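A structural walkthrough
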Amino acid sequence: MDSEKIKFSLRKCGLKKSDTIVLHADAGVAAQIITSEKNKLNYLINLLLKYVGNRGNIIVPTFTYSACKNNSFEKNDQSEVGLFSETFRKLKKVKRTDHPIFSFAIFGKKFGYFNKADINTCFGKNSIFGLFHKLNVKIVCLGCDIDRITFTHYVEEFYKVYYRYNKIFNIYLKNKKKTVSTNYYVRKSNIKNNIDLKRLNKYLVKKKRIKISNFGRYNLIVINSKDFFLSFVELLKKNKKSLIKN
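All values derive from a computational prediction rather than experimental measurement.

1. Some points on the side chain of T121
Structurally, the position occupied by T121 is in the loop between α5 (111–115) and α6 (128–135). The buried category is assigned to T121, whose relative accessible area is 9%. Side-chain polar atoms of T121 contact the backbone nitrogen of G124, separated by 2.9 Å. Residue contacts for T121: discarding those within four places in its chain leaves H99, S127, E157, T182 and N183.

Rendered as structure tokens:
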């Protein structure tokens, strides 16, 4: 897969310059790329950055779930959600948000806007996920399926699903030298509630609210955040168990 085929796949899914993209990606997609560059993953990331341009924004999860156990977070802590995420985080032109559990690495001029999100909540109305909803960002899955989309938990908290509850974590921010309390809408351990978005995927296809194209051996998936939210809520109204394994 060369650069032209990559760009073709991006265009086919409606991605364009100046877009704001929340990107969930598996580093394995880079192995299939044809290039003389030694580091194929860096090549792919730089190609994506050039594709959206200086007016666009790429936002990548750099979550640190361990902060819930060790009660501390530092901006230089390693991302715990994969090689793609950690590689993106380390880029000089990328900045990381302040949330101690659900931080994001961001390329683009909207960093300041997103970094003003309320860090006293993980998935509440004024969280970064609330801003994703407000701006109707494009949620992208590259080499992974939609079960990876963390925006899911924002919709669950909005709808107040029965299988999650609010839990407060007090975490020390080493960079700011202060402790913050953040509300995390966690799963209830006494209820079977593993996420399963197969029904949602079929529903999105049925409603024509999802775009899918081939990315070599993998898929590229794009969903607008408002379409994701709407579809999720519509299914929950039909069946409160429709989006979990039970």
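2. Notes on the pattern of salt bridges
Opposite charge on two side chains lets them pair, provided their charged atoms get close. What the rule picks out here adds up to 10 salt bridges. One network of salt bridges, in which partners are shared, links K16, D19 and K138.

3. Examining the packing of aromatic side chains
For the structure shown, the criterion picks out 21 aromatic pairs. Aromatic pair F63 and F102: ring centres 4.8 Å apart, planes at 70 degrees, arrangement edge-to-face. One end of the pair, F63, is in the loop between β2 (57–61) and α3 (67–70); the other, F102, is in the loop between β4 (95–96) and β5 (104–107), and 39 residues separate them in sequence. Taking relative accessible area as the criterion, F102 reaches 2% and is therefore assigned buried. Summarising the aromatic geometry, the rings of Y162 and Y163 are spaced 5.3 Å apart at their centres and angled 90 degrees between planes, so their arrangement reads as edge-to-face. With a relative accessible area of 1%, Y163 lands in the buried category. The structure contains a cluster of three or more aromatic residues connected by ring pairs, namely F63, Y65, F102, F104, Y113, F114, F123, F129, F132, F169 and Y184. Positioned above the aromatic ring of Y162 is the side chain of K240, whose terminal nitrogen or guanidinium carbon lies 5.0 Å from the ring centre.

4. Thoughts on the pairing of β2
Most of β2 is tucked away: five of the five residues are buried. Along β2, one buried face is formed by N57, I59 and P61 and the opposite face, lined by I58 and V60, is buried too. Bridging between strand β1 (residues 20–25) and β2 involves three bridges; their strand directions are parallel. Bridge pairing in β2 links I21 to I58.

5. Brief notes about the packing of helix α8 (residues 198–206) against helix α9 (residues 225–238)
At a minimum axis distance of 10 Å, the contact between α8 and α9 shows a crossing angle of 120 degrees. Read as a crossing pair, α8 and α9 show a hand that is right-handed. Contacts between α8 and α9 involve R199, L200, Y203 and L204 on the former and, on the latter, D227, F228, S231, F232, E234, L235 and K238. Split by residue class, the contact of α8 with α9 holds six nonpolar, one polar and four charged.

6. Overview of the sheet that holds strand β8 (residues 178–187)
The mixed open sheet is built from three strands, whose spatial order is β3-β7-β8. In this open sheet, the two edge strands, each paired with only one partner strand, are β3 (72–73) and β8. Sheet strands touched by helix α7 (residues 151–159): β7 (164–173) and β8. Its angle to β8, the strand with the most contacts, is close to 80 degrees.

7. A short note on the sheet that holds strand β9 (residues 211–215)
The mixed open sheet is built from seven strands, whose spatial order is β4-β5-β2-β1-β6-β10-β9. Of all the strands in the sheet, just β4 and β9 have a single pairing partner and so form its edges. The pairing of β1 with strand β6 (residues 138–142) spans five bridges and is parallel. From the neighbouring strand, L23 faces β6, where its bridge partner is V140. In the packing of helix α1 (residues 3–12) onto the sheet, the strands contacted are β9 and β10 (218–224), and the crossing angle to β9 comes to about 170 degrees.

8. Concerning unusual backbone geometry
Its identity is not glycine, yet K160 carries a phi of approximately 60 degrees, on the positive side. Within the secondary structure layout, K160 lies in the loop between α7 and β7. Phi angles above zero are rare outside glycine, and K177 is one such case at about 55 degrees. K177 gets classed as exposed once you look at its relative accessible area, which sits at 67%.

9. Things to note about empty space enclosed by the protein
Across all of its chains, the model carries four cavities of 30 Å³ or more by this definition. Space inside the largest cavity adds up to approximately 100 Å³. With three residues, helix α2 (residues 40–52) is the single largest residue contributor to the lining of the largest cavity. For the lining of the largest cavity, the residue count by class is 11 nonpolar, no polar and no charged. For the second largest cavity, the calculated volume is near 80 Å³. Forming the walls of the second largest cavity are 14 residues, and the residues nearest its centre are H99, F114, A117, I119 and I128.

About the cut-offs
Residues numbered from 1 in each chain as written. Predicted model: local features only at pLDDT ≥ 70, side-chain atom pairs only at ≥ 80, totals over all residues. Heavy atoms only, no water. Helix = DSSP H or I, 4+ residues; strand = E, 2+ residues; numbered from the N terminus. Buried < 20%, exposed > 50% of the residue type's maximum accessible area, 1.4 Å probe, protein only. Polar contact = N/O pair within 3.5 Å; in protein donor to acceptor, adjacent residues only side chain to side chain. Contact = heavy atoms within 4.5 Å. Salt bridge = Lys/Arg side-chain N within 4 Å of Asp/Glu carboxyl O. Phe/Tyr/Trp six-rings, centres within 6.5 Å; stacked < 30°, edge-to-face > 60°. Lys NZ or Arg CZ within 6 Å of the ring centre and 35° of its normal. Pairing = 2+ DSSP bridges. Axes fitted to C-alpha atoms, helices over the stretch in contact; angles between N-to-C directions. Left-handed = near helix turned anticlockwise from the far one by under 90°. Nonpolar A, V, L, I, M, F, W, Y, C, P; charged D, E, K, R; others polar. 1 Å grid on protein atoms, 1.4 Å probe; cavity = no way out; pocket = protein on both sides within 12 Å on 5 of 7 lines; lining within 4 Å. Points joined across faces, edges and corners; volume = space filled by probe spheres on them.

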